[in-house]
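Here is what each chain is made of, one letter per residue.
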Amino acid sequence: MIRSSVFAAFILSGLLTSPTMFADDWPAFLGPNGSAHSDESVATTWSDSQNVAWKVDLPGSGSSSPIIVGDRVILTCYVANGSAAMRQVLCFNKSTGEQQWAYDFPIDYREDGFRGYITEHGYASNTPVTDGKSIYVFLGKGGVHSLMLDGKLNWSVDTGKGSSNRRWGSGASLLLYKDTVIVNAAEEAKAIIALDTASGRERWRRNDRMLELTYGTPRLVRSTTGDEIVISVPEQIWALDPASGELDWYASTPMTGNVSPSVIVDGNTVYSFGGYRASGSIAVEAEGKQSGNADVTDQNVLWTNRSSSYVATPLLHEGRFYWIDDRGIAYCTSADDGEVVYRQRVGDLESGRPVYASPVLIGDSIYVVTRRSGTIVFQPGDTFQPIARNRFASDESDFNASPAVSDGKLYLRSDQALYCIE
């Protein structure tokens, strides 16, 4: 029985291709369709000694979020052992925390040096995705890989060994569309690439220098004229034909420099946040299939605003956006015009950049994982009023990943451990 309206939308969208997917699955970054919504009810308070079903220590660090398929929790880690280094894909039983398998991908190529923004998020920042039959992982310069649910390798594809001009490392997660996996390889190849899910064969590739410093995960818009892949690049939003990668339309945006948040899709409306130093937000009505390369800025941009998020993807709920930015300021803005409903500094946060994770709505509460100051739980509304701040006193490592939700449980990962909150 399907218990989640979000999961039902996932099925209707045509993205669910396997009968092995379940209503409790959390198959991608920010859950089904990247909506960051769950109808489930989970604990609002926890600590080292309260409401922890299990905890497992991890062999290495990572900012990638866990995903859940069936009884499996999947995540990636960066493991350094002396002069050797590798990325690992790990699988745990979601009920017990028992490790079921691990697959190692040795790093036998030159990575960007551990300096600048890479020190903030590390070398394992891309969240896997699953169609219920296989698991697809993007490891930056380590390529894209398909694994079976039992940990056996299906295929591996190199998607580039390049670096952006800032050498900030890889951050985008994968998008599944029908029988293709869409890769934002902007950092590695200044390209968006579609791979066949069965073989890894390249279906199409769009190379463009404008992809420089594009870190968001591509999303899907469905319209009466056909499906489109949308992504926000510095100064523009693009809509691509998922069958060919050709540009259907684009709209100019106020966000320059680099764009980290993923776009947010609500029906035919596409929202985007980000940019530096010129930051902002924008709403664009998706145009649908065009003759190609159409500039829809004048007729389709609904609004632009200076309110913005630098790293986190804001949560859209009942006509409002919610997030806590990387400076520790809680925002609520209107989806009608981008205007600020509230803007409030969150007290008692570690200095530096205190939040990297994106918010998730679970039941009627919003959960925001801070890096070193616990998970903040608050309810949507006209004011920011936290109802809980949950910390693990025993874990002083970074919590950069957004949470996953399944079967009434919350899954959090840090650089040190994976937690199941019951």
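Look up a bit, the structure's there.
1. So, the overall build of the chain
Then comes step 1: A tally of helices and strands in the chain yields four helices and 34 strands.
Then comes step 2: For 422 residues, the compact-globule estimate of 2.2 N^0.38 gives 22 Å, and the C-alpha radius of gyration of the chain, at 20 Å, lies within 12% of that figure.
Then comes step 3: Here the chain holds 422 residues, and the buried ones make up 63% of them.
Then comes step 4: Contacts in the chain between residues at least 24 apart in sequence constitute 54% of all its contacts with a sequence separation of at least 6.
Then comes step 5: For the chain, the exposed surface amounts to about 15,800 Å²; the carbon and sulfur share of it is 44%.
Then comes step 6: Counting 36 positive and 50 negative side-chain charges, the chain places the averaged centre of each group 5 Å from the other.

2. Points about the sheet that holds strand β28 (residues 360–362)
Then comes step 1: Across the sheet, five strands lie side by side as β1-β28-β29-β30-β31; this open sheet has mixed pairing. In this open sheet, the two edge strands, each paired with only one partner strand, are β1 (37–38) and β31 (386–390).
Then comes step 2: Two elements, β28 and strand β29 (residues 365–369), share three bridges in a ladder whose sense is antiparallel. The partner of V360 across the bridge, within β29, is Y367.

3. Remarks on the side chain of D325
Then comes step 1: Relative to the assigned elements, D325 resides in the loop between β25 (320–324) and β26 (329–334).
Then comes step 2: In this structure the side chain of D325 is engaged in a polar contact, spanning 2.9 Å, whose partner is the backbone nitrogen of R327.
Then comes step 3: Ignoring any residue separated from it by four or fewer positions in sequence, one finds D325 in contact with Y331 and V355.

4. Quick word on the sheet that holds strand β12 (residues 180–185)
Then comes step 1: Read from one edge to the other, the open sheet built from four strands follows the order β11-β12-β13-β14, with strand pairing classed as antiparallel. What marks the edges here is a single partner per strand, and that holds for β11 (175–177) and β14 (202–207). When strand polarity is set aside, the average angle formed by the axes of neighbouring strands in this sheet is 20 degrees.
Then comes step 2: For β11 and β12, the ladder comprises three bridges, and the chain directions are antiparallel. Bridging across to β12, L176 finds its partner in V181.

5. Observations regarding unusual backbone geometry
Then comes step 1: In the segment running from Y276 into R277, the intervening peptide bond is cis, with an omega of 5 degrees.
Then comes step 2: When you line up the elements, R277 lands in the loop between β20 (269–274) and β21 (280–285).
Then comes step 3: One non-glycine residue, K190, lies in positive phi territory at about 50 degrees.
Then comes step 4: Mapped onto the secondary structure, K190 falls in the loop between α3 (186–189) and β13 (191–196).

6. Section: the environment of G151
Then comes step 1: Along the chain, G151 turns up in the loop between β9 (144–148) and β10 (153–157).
Then comes step 2: In sequence terms G151 and Q385 are 234 residues apart; their C-alpha atoms lie 43 Å from each other.
Then comes step 3: The residues contacting G151, other than those within four sequence positions of it, are W101 and Y103.

7. Concerning the pattern of salt bridges
Then comes step 1: Here the structure, examined in full by the defined rule, presents 20 salt bridges.
Then comes step 2: A salt bridge links R203 to D179; the shortest N-O distance between them is 2.8 Å. A residue pair is termed long-range when its members are at least 10 positions apart, and R203 in strand β14 and D179 in the loop between β11 and β12 qualify at 24 residues.
Then comes step 3: A relative accessible area of 33% places R203 in the partly exposed class.
Then comes step 4: Note on D179: relative accessible area 40%, which makes it partly exposed.
Then comes step 5: Salt bridges sharing common partners tie together E120, R371, R372 and D398.

8. Description of the packing of aromatic side chains
Given two aromatic rings, their pairing is described by the distance between the two centres and the angle made by the two planes.
Then comes step 1: Tallied over the full model, the rule gives 19 aromatic pairs.
Then comes step 2: Consider the rings of Y117 and W168, whose centres lie 4.7 Å apart with planes at 80 degrees: the pair is edge-to-face. Separated by 51 residues along the polypeptide, Y117 in the loop between β6 (99–106) and α2 (118–121) and W168 in the loop between β10 and β11 bring together distant segments of the chain.
Then comes step 3: Take Y117: its relative accessible area is 21%, and that puts it in the partly exposed class.
Then comes step 4: The class of W168 is buried, set by a relative accessible area of 13%.
Then comes step 5: These aromatic residues form a ring-pair network of at least three members: Y271, F273, W303, F321, W323 and Y331.

9. Some points on the nonpolar core
Then comes step 1: By size, the foremost hydrophobic cluster in this structure holds 52 residues, and its most contacted members are I324, F378, F384, L410, L418 and I421.
Then comes step 2: Ranked by the residues each element gives to this core, the list is headed by strand β34 (residues 417–421), at five residues.
Then comes step 3: Beyond its immediate stretch of four places on either side in the chain, L418 contacts W54, K55, V56, L58, V73, L75, F92, L412 and R413.

Calculation notes
- Residues numbered from 1 in each chain as written.
- Predicted model: local features only at pLDDT ≥ 70, side-chain atom pairs only at ≥ 80, totals over all residues.
- Heavy atoms only, no water.
- Helix = DSSP H or I, 4+ residues; strand = E, 2+ residues; numbered from the N terminus.
- Rg over C-alpha atoms; globule rule 2.2 N^0.38 Å.
- Buried < 20%, exposed > 50% of the residue type's maximum accessible area, 1.4 Å probe, protein only.
- Contact = heavy atoms within 4.5 Å.
- Areas by Shrake-Rupley, 256 points an atom, 1.4 Å probe, with all protein chains shown as cover.
- Lys, Arg positive; Asp, Glu negative; His and termini not counted.
- Charge placed at Lys NZ, Arg CZ, Asp CG, Glu CD.
- Pairing = 2+ DSSP bridges.
- Polar contact = N/O pair within 3.5 Å; in protein donor to acceptor, adjacent residues only side chain to side chain.
- Axes fitted to C-alpha atoms, helices over the stretch in contact; angles between N-to-C directions.
- Salt bridge = Lys/Arg side-chain N within 4 Å of Asp/Glu carboxyl O.
- Phe/Tyr/Trp six-rings, centres within 6.5 Å; stacked < 30°, edge-to-face > 60°.
- Core = buried A, V, L, I, M, F, W, Y, C linked by side-chain atoms within 4.5 Å.

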